[in-house]
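# Structural overview for review
So the chains spell out like this:
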Amino acid sequence: MTKHKTPLSQITIAAPPGSSTSGRYPSSLPYPTAMSVYTETSSRTLLTLPGEIQNKIVGKLEPLDLLLLRATCRHFRNIIPPLNIHELLVAESSKTGMERDLYACRLCLRLRHSSHFADTMMKKGKRKLAGGGISRFCVECGLKPPPGQNGYSPGTHITRNGVVSVICIYCTCLARPSQDRDGKNTQYCTGCWARTPEGQEMRRLKEARLQRELEEREQRLQRELEEREQRRRERRAERGSDAEDTDEERPAQFYPGNDGCDDWRDLFL
Ligand SMILES: [Zn+2]
Ligand SMILES: [Zn+2]
């Protein structure tokens, strides 16, 4: 038995009992068809809802959902106030915040990926749910804090993913730190450190040491050459002056390619 479906445009909706000539649909207008009701419903979005209903919906959202809704359009950006650090800390500990490795910054009041924070800002008391996140800030904000806020000071070392940088105490750029004589990181970038008296002294000592090593190596190679030549003369004397020298020893060469000294030699050649 075939069941014929009636098109939506031909379905009429009966007026509610006792309201055929009053209420929402005046008697002079036709009753709405199912298709028109369907069309009206489908065109409704969150934006078309009355303001009171929007407010009620917004009031029931979690902080992370508020952030997402606020980012959808200017309207919701206007009606949803910026989240404070406490709400952001709740958002960073949500399932999505955990999965996406998001952390809250108290200065720019944003949720940002962990790569934007120093390692120390996500450890110990400042890790998620530890309560200390209220004082956390991202590297960007730490370098240029808003007026009246404290960020990083020059000379501070910042470690991100195990890589150490320094805010150079002289030029204030964020760069790799230089090392002092003991191998400790200084508060200078390598360029500025080279201009300090200690940096210049280290460079002078290094050049002197390399020069000394170079001279010692040349003397050793010269000695080896002389020893070989001496052995060759002794063999000739044993075989007679006309004997062919069958010494297959290769003469010593300065700077063979595999001597492992490319580093210091490059500085002088
Ligand atoms: Zn920030
Ligand atoms: Zn510098």
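Figured I'd write up the structure that's included with this text. (Residues numbered from 1 in each chain as written. Chains lettered and ligands numbered in written order. Predicted model: local features only at pLDDT ≥ 70, side-chain atom pairs only at ≥ 80, totals over all residues. Heavy atoms only, no water.)

### Regarding the coordination of the zinc ion (ligand 2)
- In the first shell of the zinc ion (ligand 2), the protein supplies Cys168 (SG), Cys171 (SG), Cys189 (SG) and Cys192 (SG), at 2.2 to 2.3 Å from the metal.
- Note that the zinc ion (ligand 2) binds 4 donor atoms; their angles at the metal cover 100 to 118 degrees, and the shape is tetrahedral.
- Each donor residue of the zinc ion (ligand 2) lies on the same chain, and together they follow the pattern C-x2-C-x17-C-x2-C. You can see Cys168 sitting in the loop between β4 (163–167) and β5 (174–175) and its partner Cys192 sitting in helix α8 (residues 190–193), a full 24 residues away along the chain.
- With a relative accessible area of 0%, Cys168 lands in the buried category.
- For Cys192, a relative accessible area of 5% translates into the label buried. (Donors = N, O, S within 2.8 Å, 3.2 Å for Na, K, Ca; no water. Tetrahedral: all angles 85-135°; square planar, octahedral: opposite > 155°, others 65-115°. Helix = DSSP H or I, 4+ residues; strand = E, 2+ residues; numbered from the N terminus. Buried < 20%, exposed > 50% of the residue type's maximum accessible area, 1.4 Å probe, protein only.)

### A word on the coordination of the zinc ion (ligand 1)
- For the zinc ion (ligand 1), the protein coordination sphere consists of Cys105 (SG), Cys108 (SG), Cys138 (SG) and Cys141 (SG), at 2.2 to 2.3 Å.
- Read from N- to C-terminus, the donor residues coordinating the zinc ion (ligand 1) fall into the pattern C-x2-C-x29-C-x2-C. Here Cys141 lies in helix α7 (residues 139–143) and Cys105 lies in strand β1 (residues 102–105), a separation of 36 residues in the sequence. For the pair Cys105 and Cys141, a shared accessibility class is recorded, and that class is buried.

### Things to note about the sheet that holds β5
- Ordered in space as β3-β4-β5, the 3 strands form an open sheet in which the pairing is antiparallel. Of all strands in the sheet, those bounded by a partner on one side alone are β3 (157–160) and β5. (Pairing = 2+ DSSP bridges.)

### A word on the packing of aromatic side chains
- Under the definition given, this model contains 3 aromatic pairs.
- Each ring, one from Tyr103 and one from Phe117, has its centre 6.0 Å from the other, and the planes form 55 degrees; the classification is tilted. One end of the pair, Tyr103, is in strand β1; the other, Phe117, is in the loop between β2 (110–113) and α7, and 14 residues separate them in sequence.
- Taking relative accessible area as the criterion, Tyr103 reaches 11% and is therefore assigned buried.
- Given a relative accessible area of 1%, Phe117 falls into the buried group.
- Each ring, one from Phe137 and one from Tyr152, has its centre 5.1 Å from the other, and the planes form 70 degrees; the classification is edge-to-face. Of this pair, Phe137 sits in the loop between β2 and α7 while Tyr152 sits in the loop between α7 and β3, placing them 15 residues apart in sequence.
- Residue Phe137 is classed as buried on the basis of its relative accessible area, which comes to 8%.
- Against the face of Tyr103 rests Lys128, its NZ or CZ located 4.6 Å from the ring centre. (Phe/Tyr/Trp six-rings, centres within 6.5 Å; stacked < 30°, edge-to-face > 60°. Lys NZ or Arg CZ within 6 Å of the ring centre and 35° of its normal.)

### Here we look at helix α3 (residues 63–70)
- Three or more residues of α3 are buried, namely Pro63, Leu64, Leu66, Leu69 and Arg70.
- Here the buried face of α3 lies against α2 (51–59), α4 (74–79), α5 (85–92), α6 (95–99) and β2. (Contact = heavy atoms within 4.5 Å.)

### A word on the pairing of strand β7 (residues 185–189)
- Across 2 bridges, the pairing between strand β6 (residues 177–179) and β7 is antiparallel. Note on β7: the bridge partner recorded for Pro177 is Cys189.
- Here β6 hands over to β7 after 5 residues, with Gly183 in that stretch at a positive phi of 80 degrees.

### Let's talk about the packing of α3 against α5
- Two elements in contact, α3 and α5, have axes whose closest approach is 7 Å; the angle formed by their N-to-C orientations is 105 degrees. As summarised for this structure, α3 and α5 are arranged roughly perpendicular, according to the angle between their axes. Residues Pro63, Leu64 and Leu67 of α3 form the contact with α5, whose participating residues are Glu87, Leu88, Val90 and Ala91.
- Its residues assigned to classes, the contact of α3 with α5 shows 6 nonpolar, no polar and 1 charged. (Axes fitted to C-alpha atoms, helices over the stretch in contact; angles between N-to-C directions. Parallel < 35°, antiparallel > 145°, perpendicular 65-115°, else oblique. Nonpolar A, V, L, I, M, F, W, Y, C, P; charged D, E, K, R; others polar.)

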